[in-house]
Amino acid sequence: MIAYTLFVVVVLWIILYRYRRRRMYELASVIPPPRGELPVIGIASYLAGSSEDIMLTLQRFSYSAMENDGIIRGWLNHILYLLICNPVDSEMILKNCLEKDDLHRFLRKVIGYGGIFAPVSIWRRRRKIMIPAFSPKIVENFFEVFSENSVNLLEKLENKSGTGYFSIYPYLTAYTLDSVCETAMGVKVNAQNDSNSPFVTSLNQVLDIVCKRIFHLWLQPDWLFKLFPHYSKHEAGIKILHDFTDDVIQKKRAELKKEKDIQPEVDVHYNLKDYRKKNLLDLLISLSACEKGYTDVELREEILTLSIAGTDTIAVNIGYTLKLLAKYPEIQEKVYDELRKVLDAKRPIIKDDIQKLKYLERVVKESLRLFPPVPFVIRKVETDITLPSGRMLPSGSGVVVSIWGCHRDPKYWGPDAEHFDPDRFLPERLNLKHACSFMPFSNGPRNCVGYQYALMSIKTALATILLNYKVTGEPEKGPIPHIKVKLNVIMKAVDDYQVCLEKRKL
Ligand code: HEM
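Reading the values: the criteria
Residues numbered from 1 in each chain as written. Predicted model: local features only at pLDDT ≥ 70, side-chain atom pairs only at ≥ 80, totals over all residues. Heavy atoms only, no water. UniProt positions renumbered as here; feature names shortened; annotations may be inferred. Helix = DSSP H or I, 4+ residues; strand = E, 2+ residues; numbered from the N terminus. Rg over C-alpha atoms; globule rule 2.2 N^0.38 Å. Buried < 20%, exposed > 50% of the residue type's maximum accessible area, 1.4 Å probe, protein only. Contact = heavy atoms within 4.5 Å. Areas by Shrake-Rupley, 256 points an atom, 1.4 Å probe, with all protein chains shown as cover. Lys, Arg positive; Asp, Glu negative; His and termini not counted. Charge placed at Lys NZ, Arg CZ, Asp CG, Glu CD. Axes fitted to C-alpha atoms, helices over the stretch in contact; angles between N-to-C directions. Parallel < 35°, antiparallel > 145°, perpendicular 65-115°, else oblique. Left-handed = near helix turned anticlockwise from the far one by under 90°. Nonpolar A, V, L, I, M, F, W, Y, C, P; charged D, E, K, R; others polar. Donors = N, O, S within 2.8 Å, 3.2 Å for Na, K, Ca; no water. Expected span 1.5 Å × (residues − 1). Phe/Tyr/Trp six-rings, centres within 6.5 Å; stacked < 30°, edge-to-face > 60°. Lys NZ or Arg CZ within 6 Å of the ring centre and 35° of its normal. Arc of directions from axis to C-beta. Pairing = 2+ DSSP bridges. Disulfide = S-S within 2.5 Å. Near = heavy atom within 4 Å. Polar contact = N/O pair within 3.5 Å; in protein donor to acceptor, adjacent residues only side chain to side chain.

The protein appears in an unreviewed UniProt entry as Cytochrome P450 4C1-like isoform X1 from Vanessa tameamea. In its Function (unreviewed entry) section, the UniProt record describing the protein reads: "May be involved in the metabolism of insect hormones and in the breakdown of synthetic insecticides." Its UniProt record gives the protein a comment under Cofactor (unreviewed entry), which states: "heme".

Visitor: Sorry, what's going on with the overall build of the protein here?
Guide: Secondary structure summary: the protein contains 21 helices and 11 strands in total. The C-alpha atoms of the protein give 24 Å as radius of gyration, which agrees with the globular expectation for 506 residues (23 Å, within 12%). Burial statistics for the protein: of 506 residues in total, 54% are counted as buried. Counting contacts in the protein only where the partners sit at least 6 residues apart, residues at least 24 apart contribute 75% of the total. Put simply, the protein shows about 23500 Å² of open surface, and 58% of that area lies on carbon and sulfur atoms. Taking the average place of the 70 positive charges on the side chains of the protein and the average place of its 60 negative ones, the gap between the two points comes to 2 Å.

Visitor: Please explain the packing of helix α8 (residues 143–157) against helix α9 (residues 169–185) as it appears in this structure.
Guide: When two helices pack together, their arrangement is given by the angle between the helix axes and by the axis-to-axis distance. Running from N to C, α8 and α9 point in directions that differ by 155 degrees, and their axes come no closer than 10 Å. Relative to α9, α8 is oriented roughly antiparallel. Between α8 and α9 lies a crossing of right-handed hand. In this structure, α8 uses Val-145, Phe-146, Asn-149, Ser-150, Leu-153, Lys-156 and Leu-157 to contact α9, whose residues at the interface are Tyr-171, Leu-172, Tyr-175, Asp-178, Ser-179, Glu-182 and Thr-183. Across the contact of α8 with α9, the residue classes tally to 7 nonpolar, 4 polar and 3 charged.

Visitor: Explain the coordination of the iron atom of the ligand here, please?
Guide: For a metal bound by four donors in tetrahedral geometry, the ideal donor-metal-donor angle is 109.5 degrees, whereas six donors in octahedral geometry ideally sit at 90 or 180 degrees. Among protein residues, the single donor to the iron atom of the ligand is Cys-448 (SG), with a metal-donor distance of 2.3 Å. By the secondary structure assignment, Cys-448 is in the loop between α20 (410–413) and α21 (451–468).

Visitor: Is there a simple way to think about helix α10 (residues 198–215) in this case?
Guide: The periodicity of an α-helix, 3.6 residues per turn, causes residues three or four positions apart to be oriented the same way. In a regular helix each residue adds 1.5 Å, so 18 residues correspond to 26 Å; α10 covers 26 Å between its end C-alpha atoms and thus fits that length. Residues of α10 that are buried include every one of Phe-199, Val-200, Ser-202, Leu-203, Val-206, Leu-207, Ile-209, Val-210, Cys-211, Arg-213 and Ile-214, and no others.

Visitor: Can you walk me through the UniProt feature "binding site: heme" (unreviewed entry) in the protein in this structure?
Guide: As annotated in UniProt, the feature "binding site: heme" (unreviewed entry) corresponds to Cys-448 in the numbering used here. For Cys-448, a relative accessible area of 31% gives the class partly exposed.

Visitor: Help me understand the packing of aromatic side chains in this model?
Guide: The geometry of an aromatic ring pair is captured by two quantities: the separation of the ring centres and the angle between the planes. Summed over all chains, the structure comprises 16 aromatic pairs. Centre to centre, the rings of Phe-146 and Tyr-453 are 5.0 Å apart; their planes meet at 80 degrees, and the pair counts as edge-to-face. Of this pair, Phe-146 sits in helix α8 while Tyr-453 sits in helix α21, placing them 307 residues apart in sequence. A relative accessible area of 6% means that Tyr-453 is categorised as buried. Members of the aromatic cluster, connected to one another through ring pairs, are Phe-134, Phe-142, Phe-146 and Tyr-453. The lysine or arginine in question, Arg-369, covers the ring of Trp-413, its NZ or CZ lying 4.9 Å from the ring centre. It is Arg-408 that lies over the ring of Phe-371; its NZ or CZ is 5.4 Å from the centre.

Visitor: Looking at this structure, how should I read helix α4 (residues 87–96)?
Guide: Among all positions of α4, only Pro-87, Asp-89, Ser-90, Ile-93 and Leu-94 are buried. Buried residues along α4 cover an arc of 155 degrees about the axis, so they all sit on one side. Where the residues of α4 are buried, they touch β2 (79–84), β4 (376–380), β6 (392–393), β7 (398–402), α19 (403–406) and α20.

Visitor: What exactly am I supposed to notice about the side chain of Asp-353 here?
Guide: As for its position among the elements, Asp-353 is in helix α17 (residues 351–356). When neighbours within four sequence positions are excluded, Asp-353 is seen to be in contact with Val-342, Leu-343 and Arg-347.

Visitor: Before we go on, may I ask you to explain the sheet that holds β4 in this structure?
Guide: Hydrogen bonds along the backbone pair up the strands of a sheet, which may run parallel or antiparallel. Here 4 strands make up an open sheet; going across it, the order is β1-β2-β7-β4 and the pairing mixed. Each edge of the open sheet carries a strand with a single partner, namely β1 (71–76) and β4. For this sheet the average axis-to-axis angle between neighbouring strands, irrespective of direction, equals 25 degrees. Direction of pairing for β1 relative to β2: antiparallel, over a ladder of 6 bridges. Its bridge partner being in β2, Ile-71 is matched across the sheet by Ile-84. Across the face of the sheet, helix α2 (residues 22–29) comes into contact with β1 and β2 while running at roughly 140 degrees to β1.

Visitor: Please clarify how the state of the cysteines should be interpreted in this entry.
Guide: Covalently bonding the sulfur atom of one cysteine to the sulfur atom of another cysteine gives a disulfide. Under the definition given, this model contains 0 disulfides. The thiol of Cys-436 is unpaired, and the distance to the nearest cysteine sulfur, on Cys-406, comes to 6.8 Å. Residue Cys-436 is classed as buried on the basis of its relative accessible area of 0%.

Visitor: Before we go on, may I ask you to explain the site of the ligand in this structure?
Guide: Surveying the vicinity of the ligand reveals 25 residues, the closest of which are Lys-100, Trp-123, Arg-379, Ser-442 and Cys-448. Contacts to the ligand include Ser-442, whose side-chain N or O atom sits 2.6 Å from an oxygen atom.

Here it is in structure tokens:
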């Protein structure tokens, strides 16, 4: 009798639940599903595999969307997701749906309401403060940090030259972490010299656990997560990251107070005249109105956000570019010829050299097109929205903008969309039919604030490596580069960027 009553209650609850959401089902029914969607669980089984399987599934869905006017839908259990790879519709989403999807909540424990995944109400003020800190004039001044750390990277790679295949990824993340911590906090974490530093190991450990939580359903509920050994490592790692950043902030506050006491007449609010000596922490303190501005917790959230946003993204792009150049030696020779013409091997690289490396820039852009470090951006649909293509997306659904798909759609990139061809970015050849057909740094009000920073760091490191080493590996047989990828919050190469290096004779 109890079982029967329970059964009736459950059935009635399901009927009521579906009735309340009838509009969502109605609107979803006119959007094509991917092949193989299952009843009740929808596409959940495809996203339960390894990070490589997940990426393969999302690539397959993107191709499927290309064949269906740029959109498909998939039910992830009871949640409706729409995957879009039409640049026109993507622009509308990126400009109007600003709230991030709930899947990002696992990073909140680490970065709190740091801009990248903050709710819109908090994000707006923070974005306003962040933007001037990334103005081109300020970013230019970080060049010396990139250059110095690139030279250190070169020294670290020295004993790998001529020793066959090795994973270059740990070297690249150490370079980016050193650069990002120095530019963000003014602190040398020495990741390149000491990979066991507590900040470095904790950051890597915490991010690894966060990735596992995003993709493994059993690690998602907090109460269940606490039963796993990951939990104590996660908590301990976060404490180290927070304590480290808090300490830097306290020291910086004390330093600024001392400066102000010495020169009380100087208005330090918004005083960016001496920005040359400043790191992002200094700038965020002054741009948020000093003591009356950001609290220590807000500062910690923003600084950790920048450290996380600017480490792996840049490292994977350098990694993909090196792998592509190993696959296409003739393109690598053109990069080298340009480096020899522009750079003087007898002196360190200077800022002006970087602007002149036009071919290298095209190579980096083509690498970002085919292997975007952030291949998907997920947003919430909070009110029904009609796309320029005519489809209506129901409120309560999630929308996945496939940057990966927009970058490979033959409608926008021609029949050779999958080919590695840096010269497609030549000004006379580039005819972007829509701004969102190339958007490795996203588009709209929540696009990447760090894109100029990223390009400068990437070009400085690549120029330094490629002037001194030839990158080798298995050459690709055709124009389509094959690199196996996985989705690990960002998109990484499965082989952790295995390459060989040969010293160049300068
Ligand atoms: C190749 C390197 C990078 C790539 C491909 C990249 C990509 C992206 C993308 C796609 C977004 C937007 C997500 C969305 O639309 O929802 C984003 C946001 C962001 N990125 Fe980057 N990024 C890179 C490097 C950096 C660097 C170096 C920094 C800072 C040091 C940075 C800081 C941020 C921040 C703060 C946001 C959040 C912006 C907001 O919501 O207002 N990124 N990035």
